[in-house]
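The primary structure of each chain is shown beneath.
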Amino acid sequence: MQRVPSYISRSVAGSYDNEAVAIFALIFTFYLYIKTLNTGSLFYATLNAISYFYMVCSWGGYTFIINLIPMHVLLCIVTGRYSSRLYIAYAPLVVLGTLLASLVPVVGFNAVMTSEHFASFLVFIIIHVVALVYYIKGILSPKMFKVAVTFVVSIGLVVCGAALAVLIALVASSPTKGWSGRSLSLLDPTYASKYIPIIASVSEHQPPTWPSYFMDINVLAFLVPAGIIACFLPLSDASSFVILYIVTSVYFSGVMVRLMLVLAPAACIMSGIALSAAFDVFTRSIKFQLPGATENFERDAGETSSNSVVAQNDVAKTEKNEDAVKERPSKKNRKKEKENVEKPSVKSQIKKKLLILPLEASIIAIFLLVLLGAFYVVHCVWAAAEAYSAPSIVLTSHSHDGLHVFDDFREAYAWLSHNTEVDDKVASWWDYGYQTTAMANRTVIVDNNTWNNTHIATVGTAMSSPEKAAWEIFNSLDVKYVLVVFGGLVGYPSDDINKFLWMVRIGGGVFPHIKEPDYLRDGQYRIDSQATPTMLNCLMYKLSYYRFVETDGKAFDRVRRTEIGKKYFKLTHFEEVFTTHHWMVRIYKLKPLKNRIRGRAKKSKSKASSTTSTKRIGMKKKNPWH
């Protein structure tokens, strides 16, 4: 499990996240649930609730547990697999687990007030109704049982109806019906892009591609279907839970690439089951065909056959004890003859049961499985070294002339640290907020932990607005510097121009005058000569492409693979103060008000002063976001 790239991405040094702890808590909770389901022990049930509390403390994905386990319990009830062990495994988890979860400050009363937890309470009521029905069935006659079941079911329906009415009343006032935005994004993949673009804008929240599956789980993707088939032979409470786990995790990973982290342990479990079943068949096939192995199998088969015969005739022997004593010698002879007759048939049955394969095929198959495992380990080590162990702030690129290192981010943050005042504020898109705070020691407007959607929308609106309107917005936020990331010169695709439409969508969600169609030409996002005037005049375009034509004379964007539409322009409200060596990070400073006034046509001092005072008064009264 610890070799899976999905897990490594959250646990390596420099990228350690709470999911590294949470995945252990997730799997340990599932393990204790299955352990309780198999043993019916209250001790393991208590440990299961404590493990669930540990999961709640570590990650918000604990709602996956409190919905998956009720789904499995309901599946067992519907398929007629209810037992006291199932009740012991589930009831303490809901009661004790919910009480412990409510102690976590971040969760609090959300453990009983949000829709993510309602399924567990509904199944909790259902399992008690079923338990009461089974209890009544054991103490009443069949006729009285029918009457009692009718009464219990009626009362249960009334209680469930009342509970549903209360739940509906609690969530009716919420526009999302008590569900969080991320939960709705998982249930409806189109929800975030329609209503919460700030969630959809995160790269981790995008749907994965097929190469993502091959990168993260690699050969496990081919072993998972075999593991699912093995779980049906035979189907038990534990194996049905594992099947439900893999099915739900595959769905959620298909909605959000970040949840490949949840699929990884399920894929490992299923692959382990498949490999275990395969090795069992191949090794027993080899063992059965080794010299001297046939006699052992025949002896075991004979003992099994005689035991079964004795078990079947045990009642008859008890009833005819006296006759059996008298006829013992002749019966022994008949037993020996019967064993000699039955040995070939028992041996053939064992062969069919164990799926005996040819010796050479079994040896080759085992060798190929070992080779497959070794190949998977090599892939995981490579992924850990190349994809997840490199620092995200220092970028590298391999080409025909060797290794290239792009240290532009550290170069820009060092410049901010040494050339700006300590109390200066820096505006950028929220992706770079943590880095700017940690490495440049400067205050940022938004960062990776900003929960206020209006705050992020304000920065998005400024980036989407013309230069003058953007200056007014940033000036009202007391911003001194604006930082943009640009990859058009070196071909860095994760730059602000590629992220710009999300700024437009997030800004337009709060400020209606920002409209996405204004930045699109015939539904296409363009920065070339066919780009819209709104796009060519917005602040993000100007800060990214200012003086870009000086690099090669053509202003060819290597990421968008086209020449830009507006090559020659000047900045009137911002001034460039620093651009890194590869042009990946560009820093601009807001011009003070008096500098912008001097750049205009010459006027009389009195007229200029009156105009300046009028503008200052107007700026105080005017809301720059409308």
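Source: prediction; values computed, not measured.

(A) A look at the overall build of the protein chain. Scanning the protein chain for helices and strands turns up 30 helices and eleven strands. Taking all 626 residues of the protein chain together, 42% fall into the buried category. When the accessible surface of the protein chain is summed, it comes to about 33,800 Å², and 62% of that surface belongs to carbon and sulfur atoms.

(B) Representation of helix α25 (residues 496-510) within the structure. With 15 residues, α25 should cover 21 Å at 1.5 Å per step; its first-to-last C-alpha distance of 20 Å lies within 8% of that length. Along α25, the sharpest kink reaches roughly 25 degrees, centred on Trp-502. Buried within α25 are the following residues: Asp-496, Ile-497, Lys-499, Phe-500, Leu-501, Trp-502, Met-503, Val-504, Ile-506 and Gly-507.

(C) View of the environment of Val-224. Inspection of the secondary structure puts Val-224 in helix α13 (residues 220-231). Along the sequence, Val-224 and Ala-274 sit 50 residues apart, while their C-alpha atoms lie 7.3 Å from each other. Residues in contact with Val-224, not counting those within four places in the same chain, are Ile-246, Ala-267, Met-270 and Ser-271.

(D) Quick look at the nonpolar core. Ranked by internal contacts, the top residues of the largest apolar core, which has 67 residues, are Phe-409, Phe-474, Val-482 and Phe-574. If we skip the residues at most four places from it in the chain, Phe-409 touches Ile-393, Leu-395, Tyr-432, Gln-435, Val-485, Tyr-492, Met-584 and Val-585. The next biggest cluster of nonpolar side chains, apart from the first, holds 64 residues, and it includes Ile-23, Ala-131, Met-256 and Met-260.

(E) Seen up close, the packing of helix α14 (residues 237-255) against helix α15 (residues 260-288). Taken N-terminus to C-terminus, the directions of α14 and α15 make an angle of 145 degrees; their axes are 9 Å apart at the nearest point. As α14 runs across α15, the sense of the crossing is left-handed. Here Val-242, Ile-243, Tyr-245, Ile-246, Ser-249, Val-250 and Ser-253 of α14 come into contact with α15, specifically with Met-260, Val-262, Leu-263, Pro-265, Ala-266, Ala-267, Ile-269, Met-270 and Ile-273.

(F) Seen up close, the sheet that holds strand β5 (residues 481-485). On the basis of which strands lie adjacent, the open sheet formed by five strands has the order β4-β3-β5-β11-β10 and mixed pairing. Strands with a single pairing partner mark the edges of an open sheet, and in this sheet they are β4 (443-444) and β10 (574-579). Note: strand β3 (residues 425-427) against β5, two bridges, orientation parallel. The residue of β5 that forms the bridge with Val-426 is Tyr-481.

(G) Representation of the state of the cysteines. Scanning the entire structure with this criterion turns up zero disulfides. This cysteine, Cys-268, is not joined by any disulfide, and Cys-380 carries the nearest cysteine sulfur, 8.1 Å off.

(H) Representation of a nonpolar patch on the surface. A cluster of nonpolar side chains, namely Leu-132, Tyr-135, Ile-139, Leu-140 and Met-144, defines an oily patch on the protein surface of about 500 Å² accessible area. Looking at the nonpolar patch, the element that brings in the most residues is helix α7 (residues 118-139), giving three residues. Here Met-144 shows up in helix α8 (residues 142-171). Looking at Met-144, the relative accessible area reads 46%, which means it is partly exposed.

(I) Looking closely at the confidence of the model for the protein chain. On average, residues of the protein chain score 79 in pLDDT, and 76% of them are at 70 or above. Under a pLDDT of 50 for its full length, residues 304-344 has, in the predicted model, eight contacts with residues more than four places off or in other chains. Across residues 610-626, confidence stays below pLDDT 50; counting only partners more than four residues off in sequence or on other chains, it has 17 contacts.

(J) Summary view of helix α5 (residues 84-101). With 18 residues, α5 ought to run about 26 Å at 1.5 Å a step, and its terminal C-alpha atoms sit 25 Å apart, in line with that. For α5, the principal kink sits at Leu-93 and spans about 25 degrees. Residues of α5 that are buried: Leu-86, Ala-89, Tyr-90, Ala-91, Leu-93, Val-94, Gly-97, Thr-98, Leu-100 and Ala-101. Lining the buried residues of α5 we find α2 (19-39), α3 (42-58), α4 (62-78), α6 (110-113) and α7.

(K) Representation of the pattern of salt bridges in the model. Taken as a whole, this structure holds 15 salt bridges when the rule is applied. Two residues, Asp-424 and Lys-480, come together in a salt bridge whose shortest N-O distance is 3.7 Å. Residue Asp-424 is found in the loop between α21 (408-419) and β3, and its partner Lys-480 is found in the loop between α24 (467-476) and β5; the two are separated by 56 residues along the sequence. Judged by relative accessible area, which is 37%, Lys-480 ranks as partly exposed. Salt bridges here are not isolated pairs; linked through shared partners, they connect Arg-547, Glu-550, Glu-576 and Arg-586.

(L) Here's a closer look at the packing of aromatic side chains. The final tally for this structure, using the stated rule, is 27 aromatic pairs. Between the aromatic rings of Trp-415 and Tyr-481, the centroid separation amounts to 6.2 Å while the plane-to-plane angle is 80 degrees, which identifies the pairing as edge-to-face. Of this pair, Trp-415 sits in helix α21 while Tyr-481 sits in strand β5, placing them 66 residues apart in sequence. Just as Trp-415 is buried, Tyr-481 falls in that class too. Through successive ring pairs, a cluster of aromatic residues spans Phe-486, Tyr-541, Tyr-545, Tyr-546, Phe-548, Phe-569, Trp-583 and Tyr-588. Its guanidinium or amino end placed over the ring of Trp-502, Arg-505 lies 4.6 Å from that ring's centre, counting from NZ or CZ.

(M) Molecular detail of the pairing of strand β2 (residues 402-406). As paired strands, strand β1 (residues 395-399) and β2 are joined by five bridges and run antiparallel to one another. Counted as the bridge partner of His-398 is Leu-403 from β2. Hairpin geometry of β1 and β2 is characterised by an intervening segment of two residues between the two adjacent antiparallel strands.

(N) Quick peek at the environment of Pro-265. Mapping Pro-265 onto the fold places it in helix α15. Spatially, the C-alpha atoms of Pro-265 and Ser-6 are 9.4 Å apart, while their sequence positions differ by 259 residues.

(O) Representation of unusual backbone geometry in the model. Between Leu-233 and Pro-234 the backbone carries a cis peptide bond, its omega angle lying at -5 degrees. By the secondary structure assignment, Pro-234 is in the loop between α13 and α14. We note that Ala-555 has phi near 60 degrees; this positive angle belongs to a residue other than glycine. Along the chain, Ala-555 falls in the loop between α28 (549-552) and β8 (556-557). With a relative accessible area of 0%, Ala-555 lands in the buried category.

(P) Highlighting the environment of Ala-91. Examined against the element boundaries, Ala-91 turns out to sit in helix α5. The spatial distance from the C-alpha of Ala-91 to the C-alpha of His-128 is 8.8 Å, given a sequence separation of 37 residues.

(Q) Here's a closer look at the packing of α21 against helix α22 (residues 433-440). Interhelical geometry of α21 versus α22 gives an angle of 55 degrees and a closest axis separation of 9 Å. When the interaxial angle is binned, α21 and α22 end up oblique. The hand of the α21/α22 crossing is right-handed. Listed contacts from α22 to Phe-409, Arg-410, Tyr-413, Leu-416 and Ser-417 of α21 are Gln-435, Thr-436, Met-439 and Ala-440. Of the residues belonging to the contact of α21 with α22, the class tally is five nonpolar, three polar and one charged.

Conventions and cut-offs
Residues numbered from 1 in each chain as written. Predicted model: local features only at pLDDT ≥ 70, side-chain atom pairs only at ≥ 80, totals over all residues. Heavy atoms only, no water. Helix = DSSP H or I, 4+ residues; strand = E, 2+ residues; numbered from the N terminus. Buried < 20%, exposed > 50% of the residue type's maximum accessible area, 1.4 Å probe, protein only. Areas by Shrake-Rupley, 256 points an atom, 1.4 Å probe, with all protein chains shown as cover. Expected span 1.5 Å × (residues − 1). Bend = angle between axes of the 7 residues up to and from the residue. Contact = heavy atoms within 4.5 Å. Core = buried A, V, L, I, M, F, W, Y, C linked by side-chain atoms within 4.5 Å. Axes fitted to C-alpha atoms, helices over the stretch in contact; angles between N-to-C directions. Left-handed = near helix turned anticlockwise from the far one by under 90°. Pairing = 2+ DSSP bridges. Disulfide = S-S within 2.5 Å. Patch = residues over 30% accessible without salt bridge, like charges linked within 9 Å, V, L, I, M, F, W, Y side chains within 5 Å. Salt bridge = Lys/Arg side-chain N within 4 Å of Asp/Glu carboxyl O. pLDDT = per-residue confidence, 0-100. Phe/Tyr/Trp six-rings, centres within 6.5 Å; stacked < 30°, edge-to-face > 60°. Lys NZ or Arg CZ within 6 Å of the ring centre and 35° of its normal. Parallel < 35°, antiparallel > 145°, perpendicular 65-115°, else oblique. Nonpolar A, V, L, I, M, F, W, Y, C, P; charged D, E, K, R; others polar.

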